[in-house]
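Structural overview
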Amino acid sequence: MGELKSIGVLTSGGDAPGMNATLRAVVRTGIYYGYKMLGIHKGYDGLMHGDIEEMSLRSVGDIIQRGGTILQTARSAEFATDAGMEKAMNIANVYEMDSLVVIGGDGSYRGAKDLAARGMNVIGLPGTIDNDISCTEYTIGYDTAMNTVLDAIDKIRDTSYSHERCSVLEVMGRKAGWIAINCGIAGGAEAVVLPENPFDIDQDIIKPIIDGRNRGKKHYLVILAEGVGGAVEIAKYIEEKTDIVTRATILGYIQRGGSPSLMDRVMGSRMGAFAVETLRAGRSNRIIAVQGGKIVDLDITEALNMKKGMDMELVELSRILAM
Ligand code: ATP
């Protein structure tokens, strides 16, 4: 790796609360060490089109508490083509950008890896509410999203109790049920349905509700991860089978917004600074991750090949405590 002078930073894929805190840490740590810091708007699309500004200490002021991403984000099919990559590298050369910090998910790291093959020094930072990045235990935005869901669960529980109803709540997570399982435990759900596990509606949803009713329960909560889908149909089925009035709520994009939690601000700040420290130490083409509770940097190819399964102890805990 040659001498480091100028670091670009972008946010890519789905937005997540805490991306701004992370960006702030990248920019301020970079400036602290004397690097020129370049903010790239709208992800890889902005890199291809030169939508780039030099960042100052002030340009990341007053953003630590803001959700979303001030740089904005985009998904770009063109960038994944050879022509798109060439465009991006040409722009990077015009700006004399030797390094690039990408805040996003696995898809964004694949793009970064392709840029690394063309000579860019890249670092990936995990930003997504779903906690679905294989190499890391924690992603920036995950804690805030879970707190948003928990707040909704507590509100739904009040009305569910008052009317002695059952509520089916669909939460985000297309392929990963991390939000669902943790919020199921924290919200006291009778059943949690995850994309990682096959489920039998009679055994896994109807039976715990009926058993609970026989033990004196007055209201019920079922959490579904988005990837399982069918909240409205499942609610109908529960009502038919149990005679308990059942309502479906799909939380949707509300889970992506809001002011980041303390945890997301602190983790974003620590991981953002760690990204710059990693480059400064002469390591590039790395993903910043949390493993065994520690912040580490991993080779990008190895990180992309890792697999992360659901924690079956959490699944079992949620089942036991639902009684
Ligand atoms: P999220 O988990 O929030 O969806 P992500 O980073 O996985 O985040 P993607 O939409 O998969 O989101 O990827 C973001 C962008 O990265 C894409 O729009 C594309 O420009 C680029 N990208 C994704 N996959 C590749 C790939 N295989 N090669 C090159 N670039 C890619």
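Residues numbered from 1 in each chain as written. Predicted model: local features only at pLDDT ≥ 70, side-chain atom pairs only at ≥ 80, totals over all residues. Heavy atoms only, no water.

**A closer look at the overall build of the protein chain**
In plain terms, the rule: Helix and strand assignments follow DSSP, with helices taken as H or I runs no shorter than four residues and strands as E runs no shorter than two, numbered in order from the N terminus. It is over C-alpha atoms that the radius of gyration is taken, and the globule rule equals 2.2 Å times the number of residues to the power 0.38. Note on exposure labels: buried denotes an accessible area under 20% of the residue type's maximum, exposed denotes more than 50%, and partly exposed covers the range between, all computed with a 1.4 Å probe on protein chains only. Any two residues whose heavy atoms approach within 4.5 Å are treated as being in contact. Only the protein chains shown count as cover for residues, and the accessible areas themselves come from Shrake-Rupley with a 1.4 Å probe. Charge counting follows a simple rule: Lys and Arg are positive, Asp and Glu are negative, and His as well as the terminal groups are ignored. For this purpose, a charge sits on NZ of Lys, CZ of Arg, CG of Asp or CD of Glu.
Check the secondary structure of the protein chain and you find eleven helices and eleven strands. Since a compact globule built from 323 residues should have a radius of gyration of about 20 Å, the 22 Å found for the protein chain is in line with a globular shape. Taking all 323 residues of the protein chain together, the buried fraction comes to 52%. Within the protein chain, residue pairs in contact and separated by at least 24 positions form 74% of the contacts whose partners lie at least 6 positions apart. On the protein chain, roughly 14,300 Å² of surface is accessible, and the fraction owed to carbon and sulfur atoms is 49%. When the 35 positive and 42 negative side-chain charges of the protein chain are each reduced to one mean point, those points stand 3 Å apart.

**Structural notes on the sheet that holds strand E10 (residues 286-291)**
Filter applied, for reference: Strands were regarded as paired on the criterion that DSSP finds at least two bridges between them. Axis geometry follows a simple rule: fit a line to the C-alpha atoms, using only the stretch in contact for helices, then measure angles between N-to-C directions, giving values from 0 to 180 degrees.
Taken in spatial order, the seven strands line up as E3-E2-E1-E4-E5-E10-E11 in an open sheet, and their pairing is mixed. Edge positions in the sheet fall to strand E3 (52-54) and strand E11 (294-299), since each has one partner strand and no second. Taking each pair of neighbouring strands and ignoring which way they run, the sheet shows an average axis angle of 25 degrees. In this sheet, E3 lies alongside strand E2 (residues 36-40) in antiparallel orientation, the contact comprising three bridges. Each bridged residue has a counterpart across the sheet, and for Leu-38 the counterpart in E3 is Glu-54.

**Some remarks on the layout of surface pockets**
Keep this limit in mind: Cavities and pockets were defined on a 1 Å grid built over protein atoms only: a cavity is a set of grid points that admits a 1.4 Å probe from which the probe cannot escape, a pocket is an open set flanked by protein on both sides within 12 Å along at least five of seven lines, and lining residues are those with an atom within 4 Å of any such point. Grid points are joined across faces, edges and corners, and a volume is the space filled by probe spheres set on the points. Residue polarity follows a fixed list, in which Ala, Val, Leu, Ile, Met, Phe, Trp, Tyr, Cys and Pro are nonpolar, Asp, Glu, Lys and Arg are charged, and the others, Gly among them, are polar. As annotated, the domain borders come from an automatic or database domain assignment.
Considered as a void within the structure, the largest pocket measures approximately 960 Å³ in volume. Tallying contributions element by element places helix H4 (residues 106-117) first for the lining of the largest pocket, with five residues. In the lining of the largest pocket, the residues fall into 14 nonpolar, 15 polar and 13 charged. Each of domain 1 (6-141 + 260-304) and domain 2 (144-257) accounts for three or more of the residues forming the lining of the largest pocket. Here the second largest pocket defines a volume of roughly 550 Å³. Together, 22 residues line the second largest pocket, and Glu-190, Gln-203, Asp-204, Pro-208 and Arg-319 are the ones closest to its centre. Of all the secondary-structure elements, those providing two or more residues to the lining of the second largest pocket are strand E7 (191-193), helix H7 (201-214) and helix H11 (312-321). Here the lining of the second largest pocket takes five residues from H7, the largest share from any one element. Each residue belonging to the lining of the second largest pocket can be placed in one class, and the counts come to twelve nonpolar, three polar and seven charged.

**A few points about H4**
Side chains that are three or four residues apart share a direction in an α-helix, a result of its 3.6 residues per turn. Quick reminder of the rule: Any helix carries an expected span of 1.5 Å times its number of residues minus one.
Taking 1.5 Å per residue, twelve residues should reach 16 Å; H4 reaches 17 Å between its end C-alpha atoms and fits that length. For H4, every residue scored as buried is listed here: Asp-106, Ser-108, Tyr-109, Gly-111, Ala-112, Leu-115 and Ala-116. At its buried positions, H4 is contacted by helix H2 (43-49), helix H3 (82-94), strand E4 (99-104), strand E5 (121-126), E10 and helix H10 (300-305). After H4 finishes, the residue Gly-119 shows a positive phi value of roughly 110 degrees.

**Observations regarding the nonpolar core**
Defined as follows: As used in this record, nonpolar core signifies buried Ala, Val, Leu, Ile, Met, Phe, Trp, Tyr and Cys residues forming a set joined through side-chain atoms within 4.5 Å.
Formed by 55 residues in total, the largest nonpolar core has its most connected members in Leu-23, Val-101, Leu-169, Ile-179 and Ile-223. With seven residues, helix H5 (residues 142-163) is the largest single contributor of residues to this core. Both domains that furnish three or more residues to this core are identified here as domain 1 (6-141 + 260-304) and domain 2 (144-257). If sequence neighbours within four positions are ignored, Ile-179 has contacts with Ile-129, Asp-130, Tyr-142, Ala-145, Met-146, Val-149, Val-171, Met-172 and Gln-255. Tyr-109, Leu-115, Ala-116 and Leu-298 belong to the second largest nonpolar core, which has 30 residues in total.

**Topic: the domain arrangement of the protein chain**
As a reminder of what qualifies: Accessible surface is computed with a 1.4 Å probe, and the buried area is the amount of it that two parts give up when combined, taken over both parts together. Note on definitions: salt bridges are taken to be side-chain nitrogens of Lys or Arg within 4 Å of carboxyl oxygens of Asp or Glu. The term polar contact refers here to a pair of N or O atoms within 3.5 Å; inside protein, the definition further demands a hydrogen-donor-capable atom paired with an acceptor-capable atom, and it admits residues adjacent in sequence only when both atoms are side-chain atoms.
Taken domain by domain, the protein chain comprises domain 1 (6-141 + 260-304) and domain 2 (144-257). Counting residues at the interface gives twelve residues for domain 1, matched by eleven residues for domain 2. Buried area between domain 1 and domain 2, both sides added, is near 930 Å², and the carbon and sulfur share of it is 50%. For the pair domain 1 and domain 2, the number of links is one salt bridge. One salt bridge connects Asp-15 with Arg-256, and the closest N-O pair in it is separated by 2.8 Å. Here domain 1 and domain 2 share five residue pairs in polar contact (both at pLDDT 80 or more) between them. Tallied by class, the residues present in the side of domain 1 that touches domain 2 amount to four nonpolar, four polar and four charged.

**Regarding the site of the ligand**
Rule in force here: The criterion for a residue being near a molecule or strand is simple. One of its heavy atoms has to lie within 4 Å of it. To qualify as sitting in a cavity or pocket, a molecule needs more than half of its atoms within 2 Å of the grid points.
By nearness alone, 17 residues border the ligand, and Arg-75, Ser-76, Gly-105, Gly-107 and Ser-108 come closest of all. Between the ligand and Arg-75 there is a distance of 2.6 Å, counted from an oxygen atom to a side-chain nitrogen or oxygen. The separation between an oxygen atom of the ligand and a polar main-chain atom of Ser-76 is 2.6 Å. Protein chains bury 77% of the 630 Å² of accessible surface belonging to the ligand in isolation. When atoms are counted within 2 Å of each cavity's grid points, the one that captures over half of the ligand is the largest pocket. Of the residues forming the shell around the ligand, the biggest block, six residues, is contributed by H4. Residue composition of the shell around the ligand, grouped by class: four nonpolar, nine polar and four charged.

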